[in-house]
Amino acid sequence: MPESVKKEVSCYSSSVLINYATEHNFSRSTLFDGIEEHVGLLRNQHEWTTMELVIHLMQNFERAGGNLFEAGVEITKNQTSNIQLLFLKVFSHSIIISKIPDFFSSKICTTVTVVAEQKSEGAIDVVFTPKTGSAYSQQICDFDRGCTFATLALKRLRNLQLTEITCAARSDSHECRYRITWTPDLPVFERLKNFFLFRVSSQKAIFAHMEETYNRLQDQYKEILGIKDFYSHIMANMHEGILWLDGDGKVSFANKGFCSIVQRENPGDLIGCDFGEFLADDSQRDILNNMYTSCRAKPQVPELLELNFCTAKEEGRFGQTACLWVDSTAQQKPGFLLSIRDITDKRAIEHRLYAVENRYRTLYENSPAIIVGIDKKGDILYANPAMVEQSGYSEKELTGTHFSLLVAPPDSKADADSILNNLTGRVGLQETHYRTKDGDWKSVALATFPLYNDKWDEIGLGAIGVDVTETKRLNEMLVQTQRMDLLGQMAGGLAHDFKNLLSVVSGYGKLINKITTEPKVKEYVDSILIANERAYNLTKNLLTFSRGETVINEPFIVNDVVNEVKTLLPAILGRNIRLTVEMADEPFCIKGDAGKINQCLLNLCINARDAMAEIDGSVIMRLMSDGDPRWVQLEVEDTGSGIPPDIIARIFDPFFSTKKKGEGTGLGLSVVYGIVKSHGGEITVDSRPGDGTTFIIRLPLFETDNPFTENTVLSENKKVTIVVIDNDMVFRNYCSQILSRQGYTVIKFPSVKETAVWVKQNGNSNIILLLMTTYADEAKSLPGFNDVITPLWIIEKDEKETETLYPFLRRPFPPAALVATIRQTVQSRLKTGSE
């Protein structure tokens, strides 16, 4: 061992410990593990060594199965000489007390100061105080406690007990203090007389001197008894419960504090009772029995646990219990010393605190609002699950991150400190922005408040926020929608005025037709009226596009809608985009709002145009059979850049748009989706980046119980005669042209009177009478009305429908609606006739 190492401990203690281990056949390999080269030094009582070596030896001693307390007791007894034994048995406690510090300081360790203090006749305190900077361990503590107990045990004191009050090795205390108590014996001179059995002539003088000394000691003893009574009074009246139980768990002593806990009046009534009787249930008895077993296995070592007591009023009380097993001595039987502190109120407070904490923890973890804490440096202290979900970062990623990395916009000129000051210096709600892990920016309305630690020092800033990104977007969309509504109103007003002008043109055209007899003029006028009808249809499309028409649900031919859209698209798509329409020859009839399907196709084509804004491309509209006779399929294909895979799942979401702010509402595809669903259809998209996009719409066909195949529709229609009655020639021609193209035989009359003449002359059957409700009274007089003649009433837009006027078609109507209603009327008539 280097000379520079401080040797501060006498090898006396290590040598007697090694001898004790050798006598008890301890394992040498375990005992000397790690200190083999120092064994010779540690065996030499006249040498000195380091505290570390002694502690290492004591630790090995315990690993080999030894008990340092028991070893200290036995070693002290065996190492005491006869003269020392005589000294211990005869001389007063004060002399022994004065010698104890010398014994430990010279024989055991120079790093510990030992002081013995007599508390009363039958009680002393022995205090071991480690010197500044010196090491001290639990092993040395156990050894010293054993030596102390053995030293007093050699004096044959009755009911000797050692209680550890404080321990420097087991707690933050700076000293190890042991309280040694016993039952006082006979006065000193009586013990001395019995020991020596004086037979000398000066015996009386000696006894007189000893009597005088005894009286002085007796006075001191009375003072000590006063102190004892004082502490006994404290113990009897202290709030904590104090009990002494015998080896069977019977109560030998109980103070008023325990009576207060179990709501008993007299402590004496508890003597002899089984301590388990005061517990709440059998489970507590099991805990108590385990405590007894544990305490017996480790004498002088307190066992701490919590017990549930049952009071005399059958109320539950919680007690924090310390139990210590005290071995027997010559004067005292073994037993359990219990100290019980009533913690019922504390537990109730803890339960209330737990309930409050659980309530706020539940709110914290389940709140849809984001909750974060930021320290004074700007680092995030905590973030709730809502913040984790909305930001895309994990809680671990957020914790410790400086908040400026989330909330400071890249174009912000303010640094993080100014942002923090801005947040803390304002009261109430304030709006800020943060960036998600995906790079999106979100707006949040924050309410901030100061954070405090347990000493009420302000440590940072807390914030509760609500994501208002969608709210702001909806507000912007509301403004945009209001703008579009205003535009729609303007377009509706314009269309209304335009319709008035068209009415004037139509009226004058009809007037010219009536007054002229020139065939060429009539031909020109007919062309004017046809052009006027086309202008009317364009006006109707404008009203449909501006949402100025009432939604209707009636049969119509999809082919006609595709043709209408085809006429509008050239002006919409532009010169760089080529339009192609691929449409089957067979007509497809569905039931719904033709204007809405028109709007769907227009929206999809406009999206296709925007996807090819800077390049030449093409748009293809297709109308075809789905392969399933119950469905029809519409397709809109473009040769644009395609849709990225990461956003294709969101394209039908309301307000989702990839366009720049102000260039789109994000409603186009969501409107298309809604219209298709409202018609009982489906819409899918096929797109790959660089290969263009195809939207596929499937719509259910209108079921009409048609007994004919599609190939025989035109030939079967020729068997049906449709009589159109109206004083408006343009309207008659409009209906005639539409129905003639479907193969029907069409006859036009300006009045019911002329119709009646024709019916009488021809006597036809299978007649469909197409007429306004204003002719209802006259029409009912026609021969065969509601028999061979089936009326199809045309009612005005605002006219109320009735059961007597059925079937009907509301005016104005598109060609598809007329064809579908006629077809349905024919099929219904055929079905009725077959029955």
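Reading the values: the criteria
Residues numbered from 1 in each chain as written. Predicted model: local features only at pLDDT ≥ 70, side-chain atom pairs only at ≥ 80, totals over all residues. Heavy atoms only, no water. Helix = DSSP H or I, 4+ residues; strand = E, 2+ residues; numbered from the N terminus. Buried < 20%, exposed > 50% of the residue type's maximum accessible area, 1.4 Å probe, protein only. Contact = heavy atoms within 4.5 Å. Axes fitted to C-alpha atoms, helices over the stretch in contact; angles between N-to-C directions. Left-handed = near helix turned anticlockwise from the far one by under 90°. Nonpolar A, V, L, I, M, F, W, Y, C, P; charged D, E, K, R; others polar. Core = buried A, V, L, I, M, F, W, Y, C linked by side-chain atoms within 4.5 Å. Salt bridge = Lys/Arg side-chain N within 4 Å of Asp/Glu carboxyl O. Pairing = 2+ DSSP bridges. Polar contact = N/O pair within 3.5 Å; in protein donor to acceptor, adjacent residues only side chain to side chain. Parallel < 35°, antiparallel > 145°, perpendicular 65-115°, else oblique. Disulfide = S-S within 2.5 Å. Patch = residues over 30% accessible without salt bridge, like charges linked within 9 Å, V, L, I, M, F, W, Y side chains within 5 Å. Areas by Shrake-Rupley, 256 points an atom, 1.4 Å probe, with all protein chains shown as cover. Phe/Tyr/Trp six-rings, centres within 6.5 Å; stacked < 30°, edge-to-face > 60°. Lys NZ or Arg CZ within 6 Å of the ring centre and 35° of its normal.

A.B. asks: What should I look at first to understand the overall build of the chain in this one?
C.D. replies: A tally of helices and strands in the chain yields 27 helices and 28 strands. By residue count, 43% of the 835 residues in the chain fall in the buried class. Taking as baseline every contact in the chain between residues at least 6 positions apart, the subset at least 24 positions apart corresponds to 59%.

A.B. asks: Looking at this structure, how should I read the packing of helix H20 (residues 558-573) against helix H21 (residues 594-611)?
C.D. replies: Think of two packed helices as two axes; the pair is described by the angle between the axes and how far apart they sit. H21 packs onto H20 with a crossing angle of 35° between their chain directions and a minimal axis gap of 10 Å. In terms of crossing hand, the pair formed by H20 and H21 is right-handed. Contacts between H20 and H21 involve Val 561, Val 562, Glu 564, Val 565, Leu 568, Leu 569, Ile 572 and Leu 573 from the first element and Ala 594, Ile 597, Asn 598, Leu 601, Leu 602, Cys 605, Ile 606 and Arg 609 from the second. The class makeup of the residues in the contact of H20 with H21 is 13 nonpolar, one polar and two charged.

A.B. asks: I'm lost on the nonpolar core in this one. Help?
C.D. replies: In summary, soluble globular proteins display a tendency toward joint burial of nonpolar side chains. Within the largest apolar cluster, 43 residues are counted, with the highest numbers of intra-cluster contacts made by Ile 722, Leu 769, Leu 770 and Ile 822. Secondary-structure elements contributing two or more residues to this core are strand E24 (721-725), helix H24 (729-741), strand E25 (745-749), helix H25 (752-762), strand E26 (767-772), helix H26 (776-779), strand E27 (789-795) and helix H27 (815-834). Those residues within four positions of Leu 769 in sequence are excluded, and the remaining contacts are Val 723, Ile 725, Thr 755, Ala 779, Leu 782, Phe 785, Ile 789, Thr 790, Pro 791 and Leu 792.

A.B. asks: Got a minute to help me understand the pattern of salt bridges in this structure?
C.D. replies: If the charged atoms of two oppositely charged side chains come close together, the side chains can form a pair. Under the definition given, this model contains 19 salt bridges. For Glu 306, the salt bridge is made with Arg 347, and the minimal N-O distance between the two is 2.2 Å. Residue Glu 306 is found in strand E9 (residues 303-310), and its partner Arg 347 is found in helix H13 (residues 344-366); the two are separated by 41 residues along the sequence. The exposure class assigned to Glu 306 is partly exposed, which follows from its relative accessible area of 32%. Between Glu 523 and Lys 520 there is a salt bridge whose closest N-O contact spans 3.8 Å. Note that Glu 523 and Lys 520 are positioned in helix H19 (residues 519-545) at a spacing of three residues, about one turn of the helix. We classify Lys 520 as partly exposed; its relative accessible area is 46%. Each of Glu 117, Asp 125, Glu 175, Arg 177 and Arg 179 takes part in salt bridges that share partners, so that together they form one network.

A.B. asks: Quick question: what am I supposed to make of the environment of Ala 153 here?
C.D. replies: Checked against the element boundaries, Ala 153 lands in helix H8 (residues 138-153). In this structure the C-alpha to C-alpha distance between Ala 153 and Trp 182, which are 29 residues apart in sequence, comes to 9.9 Å.

A.B. asks: Teacher, can you tell me more about the sheet that holds strand E11 (residues 335-342) here?
C.D. replies: Strands pair in a sheet through their backbones, by hydrogen bonds, and they do so in one of two ways: parallel or antiparallel. Judged by pairing direction, the sheet is antiparallel, and its five strands sit side by side in the order E8-E7-E11-E10-E9 without closing on themselves. Looking at which strands have only one partner, the edges of the open sheet turn out to be strand E8 (251-254) and E9. Ignoring which end each strand starts from, the neighbouring axes of this sheet average 30° apart. When E9 meets strand E10 (residues 316-326), the two strands line up antiparallel, connected through eight bridges. The residue bridging Asn 308 from the neighbouring strand is Phe 318, located in E10. Packed on one face of the sheet, helix H12 (residues 282-297) meets strand E7 (241-246), E9, E10 and E11 and runs near 150° to E9.

A.B. asks: Hey, could you run me through the side chain of Thr 311 in this one?
C.D. replies: Within the secondary structure, Thr 311 is located in the loop between E9 and E10. A polar contact is formed between the side chain of Thr 311 and the side chain of Gln 263, at a distance of 3.1 Å. Setting aside chain neighbours within four positions, we find Thr 311 in contact with Ile 261, Val 262, Gln 263, Arg 264 and Arg 317.

A.B. asks: Help me out: how do you make sense of the sheet that holds strand E4 (residues 123-130) in this one?
C.D. replies: The antiparallel open sheet is built from four strands, whose spatial order is E3-E4-E6-E5. Bordering the open sheet on either side are strand E3 (112-120) and strand E5 (158-166), each of which pairs with just one other strand. Looking at each pair of strands side by side, their axes are set apart by 20° on average, direction ignored. Across six bridges, E4 lies against strand E6 (residues 176-183) in antiparallel orientation.

A.B. asks: Quick question: what am I supposed to make of the pairing of E11 here?
C.D. replies: Look at any regular strand and the pattern is simple: side chains alternate between the two faces of the sheet. Pairing between E7 and E11: six bridges, direction antiparallel. Along E11, the bridge assignment pairs Leu 245 with Phe 336. Note that E10 and E11 share eight bridges and pair antiparallel. The partner of Trp 325 across the bridge, within E11, is Phe 336.

A.B. asks: Sorry, what's going on with the pairing of E3 here?
C.D. replies: Where E3 and E4 come together, eight bridges link them in antiparallel fashion. Looking across to E4, one finds that Glu 117 is bridged to Asp 125. Between E3 and E4, which pair antiparallel one after the other, the connecting turn spans two residues, and Gly 122 there sits at a positive phi close to 110°.

A.B. asks: Explain the packing of helix H4 (residues 51-63) against H8 here, please?
C.D. replies: As a packed pair, H4 and H8 sit with axes 8 Å apart at the nearest point and diverge in direction by 75°. Relative to H8, H4 is oriented roughly perpendicular. Every residue of H8 that contacts H4 at Met 51, Ile 55, Met 58, Gln 59 and Glu 62 is listed here: Gln 139, Ile 140, Asp 142 and Phe 143. Looking at the contact of H4 with H8 residue by residue, the class counts come to five nonpolar, two polar and two charged.

A.B. asks: How should the state of the cysteines be read in this particular structure?
C.D. replies: Note: disulfide means a covalent bond formed between the sulfur atoms of two cysteine side chains. This structure, assessed with the given rule, holds zero disulfides. Unpaired in this structure, Cys 323 has its nearest cysteine sulfur neighbour in Cys 295, at a distance of 3.6 Å. Relative accessible area serves as the criterion here: at 0%, Cys 323 is assigned to the buried category.

A.B. asks: Honestly, a nonpolar patch on the surface in this entry has me stumped. Any pointers?
C.D. replies: Together, Val 504, Tyr 508, Leu 511 and Ile 515 line one region of the surface with nonpolar side chains, adding up to about 440 Å² of accessible area. Position of Leu 511 among the secondary structure elements: in helix H18 (residues 469-515). Overall, Leu 511 belongs to the partly exposed group, its relative accessible area being 44%.

A.B. asks: Explain the packing of aromatic side chains here, please?
C.D. replies: Evaluation of the coordinates by the stated rule reveals 14 aromatic pairs. On the numbers, 6.1 Å between centres and 50° between planes, the contact of Phe 749 with Trp 758 is tilted. The same class applies to Phe 749 and to Trp 758, which are both buried. Aromatic ring contacts, followed pair by pair, group Phe 258, Phe 275, Phe 278 and Phe 309 into a single cluster. The ring of Trp 325 has Arg 296 lying over it, and the distance from NZ or CZ to the ring centre is 5.0 Å. The ring of Trp 631 has Arg 698 lying over it, and the distance from NZ or CZ to the ring centre is 4.3 Å.

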